[in-house]
Amino acid sequence: MTNSATAVAHANIALAKYWGKRDETLAIPATSSLSLTLDAFHATTTVTVGAEADAGTLDGRPMSEGELGRVSRFLDLVRERAGSTARATVTSESTVPTGAGLASSASGFAALAGAAAAAYGLDLDPRDLSRLARRGSGSAARSVFGGLVVWHGGTDDATSYAEPVPGGEAGGPLDPAMAVVVLDAGQKSVSSRVAMRRTVETSPFFPGWVESTEQDVRLMLDAVAAGDLAALGALAESNALRMHATMLGARPPVRYWTAHTVAVLDEVQALRAEGLPCWATIDAGPNVKVLCSGADLDVVATALARGTDGDEARRVVTARPGPDLRVAAGAGVAA
Ligand code: DP6
């Protein structure tokens, strides 16, 4: 049995968002969601079985108690299935700034799921890996696959999994790409886990959000099948604004936007008015991700890098569709 394995998973950005769980323990979401896996950010994680106690490092520093606890609870799920009580060492390196609404938990837990399953000798197919990754962080279910991905919300552990959506390839008819406008790479004030729980429990808008997101996912899948990036983009921007409207309705309210976030929204609207098709989406942080065609990516990124708000810290990262999760035996990088 291989007792060490390494996995590489890429970040994904939702176009139809996951915001709210119907079952917290099993991480069953309130709605389905749709995302684009990006080539720009990834996590590389090695799990080595056989240690005194679970231990881990993140980007070369020891994991905090909270981080290690979450990793250890996730490993318990893998151990339970593998019939093992052996502890493990986890080392993870990420190119995603942690906790800034840039999907660090998605790539992190997808890579951990791939490496841990292999290191403990579980033979899981991609769908089962996505169900397992979901238990670490909901959005990680989608990072098991490259390109466009749908996460079927489902009603229980067996029916809540992600799968690829054909049509998301670079250079295809849709040719989706993203300019990621990094405004603040620091830790966010409220974690998405806490914020989404508060939204479910206290926002009177939540039922409307659930209903409209289910519909958005269906309409987006139609847009993808038709190769219609403009329809997909318009739905994505609206869906993101609805998610933030829903959390603004929570008590206490959750607001991730800053003045710089609003400036980028204005800039995206202005670019569209000038005839450059692009659409904004925002996650649990101030940063804005801008969807556009691969052919327009450099022009969009250059325009956004200029900015209109005099923000010296602004950085724009260009991204195209990223690959599936990759897993290899041993400690080498599974490139
Ligand atoms: C705004 O997957 O980080 O990025 O399941 O509690 O770990 P947990 O939440 P997480 O939430 C992601 C929220 C989002 C939208 C999305 O990615 O769909």
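For clarity, every value in this text was computed on a predicted model and none was experimentally measured.

A. Looking closely at the overall build of the chain. Of the regular secondary structure elements, the chain holds eight helices and 14 strands. Here the C-alpha radius of gyration of the chain, 19 Å, is about what a compact globule of 335 residues would show, namely 20 Å. Considering only C-alpha atoms, the chain reaches an extent of 60 × 40 × 40 Å along its principal axes. In the chain, buried positions account for 54% of the 335 residues. Contacts in the chain between residues at least 24 apart in sequence constitute 75% of all its contacts with a sequence separation of at least 6. Looking at the chain as shown, the accessible area adds up to about 13400 Å², and 53% of this sits on carbon and sulfur atoms. Of the side-chain charges in the chain, 29 are positive and 37 negative, and the distance between the mean point of each set is 5 Å.

B. Inspection of the site of the ligand at higher detail. Close contacts around the ligand come from 17 residues, with Tyr-18, Ser-137, Gly-138, Ser-139 and Arg-142 the closest. At 2.6 Å from an oxygen atom of the ligand is found a side-chain nitrogen or oxygen belonging to Ser-139. Between the ligand and Arg-193, the relevant distance is 2.8 Å, taken from an oxygen atom to a side-chain nitrogen or oxygen of the residue. Relative to its unbound accessible surface of 460 Å², the ligand loses 93% to contact with the protein.

C. Representation of the sheet that holds strand β12 (residues 288-293) in the model. The strand order β11-β12-β10-β13 describes an open sheet built from four strands, whose pairing is antiparallel. Looking along the sheet, the strands with just one partner apiece sit at the ends: β11 (278-282) and β13 (315-319). For this sheet the average axis-to-axis angle between neighbouring strands, irrespective of direction, equals 25 degrees. For strand β10 (residues 176-182) and β13, the ladder comprises five bridges, and the chain directions are antiparallel. Looking at the pairing, Ala-179 lines up with Thr-318 of β13.

D. Spotlight on unusual backbone geometry. Cis geometry marks the peptide bond from Arg-251 to Pro-252, where omega comes out at -10 degrees. Mapped onto the elements, Pro-252 comes out in the loop between α6 (229-248) and α7 (259-273). A positive phi is found at Ala-27, a non-glycine position, where the angle reads about 55 degrees.

E. Molecular detail of the domain arrangement of the chain. What the domain assignment reports for the chain is domain 1 (3-167) and domain 2 (176-319). Here the C-alpha centroids of domain 1 and domain 2 sit 23 Å apart. Tallying the contact residues gives 34 residues for domain 1 and 44 residues for domain 2. Contact between domain 1 and domain 2 buries roughly 3200 Å² in total, counting both sides, with carbon and sulfur atoms accounting for 69%. Of all residues in domain 1, the largest losses of buried area upon contact with domain 2 belong to Leu-15, Lys-17 and Trp-19, amounting jointly to 28% of the total for that side. If you look at where domain 1 meets domain 2, you find two salt bridges. One salt bridge connects Asp-283 with Lys-17, and the closest N-O pair in it is separated by 2.7 Å.

F. Layout of the environment of Ala-16. Mapping Ala-16 onto the fold places it in strand β1 (residues 4-16). According to the relative accessible area criterion, Ala-16 is buried, its value standing at 0%. For the pair Ala-16 and Met-196, spaced 180 residues apart in sequence, the C-alpha separation works out to 15 Å. With residues up to four places along the chain from it excluded, the contact list for Ala-16 reads Ser-33, Leu-34, Val-217, Met-220 and Asn-239.

G. View of the pairing of β10. Among the seven residues of β10, seven are classified as buried, and the element is accordingly described as predominantly covered. Residues of β10 alternate between two faces, with Pro-176, Met-178, Val-180 and Val-182 on one and Ala-177, Ala-179 and Val-181 on the opposite face, all of them buried. Direction of pairing for β10 relative to β12: antiparallel, over a ladder of six bridges. Pairing of Val-181 across the sheet is with Val-288, part of β12.

Reading the values: the criteria
- Residues numbered from 1 in each chain as written.
- Predicted model: local features only at pLDDT ≥ 70, side-chain atom pairs only at ≥ 80, totals over all residues.
- Heavy atoms only, no water.
- Helix = DSSP H or I, 4+ residues; strand = E, 2+ residues; numbered from the N terminus.
- Rg over C-alpha atoms; globule rule 2.2 N^0.38 Å.
- Buried < 20%, exposed > 50% of the residue type's maximum accessible area, 1.4 Å probe, protein only.
- Contact = heavy atoms within 4.5 Å.
- Areas by Shrake-Rupley, 256 points an atom, 1.4 Å probe, with all protein chains shown as cover.
- Lys, Arg positive; Asp, Glu negative; His and termini not counted.
- Charge placed at Lys NZ, Arg CZ, Asp CG, Glu CD.
- Near = heavy atom within 4 Å.
- Polar contact = N/O pair within 3.5 Å; in protein donor to acceptor, adjacent residues only side chain to side chain.
- Pairing = 2+ DSSP bridges.
- Axes fitted to C-alpha atoms, helices over the stretch in contact; angles between N-to-C directions.
- Domains from an automatic or database assignment.
- Buried area = accessible area lost by both parts, 1.4 Å probe.
- Salt bridge = Lys/Arg side-chain N within 4 Å of Asp/Glu carboxyl O.

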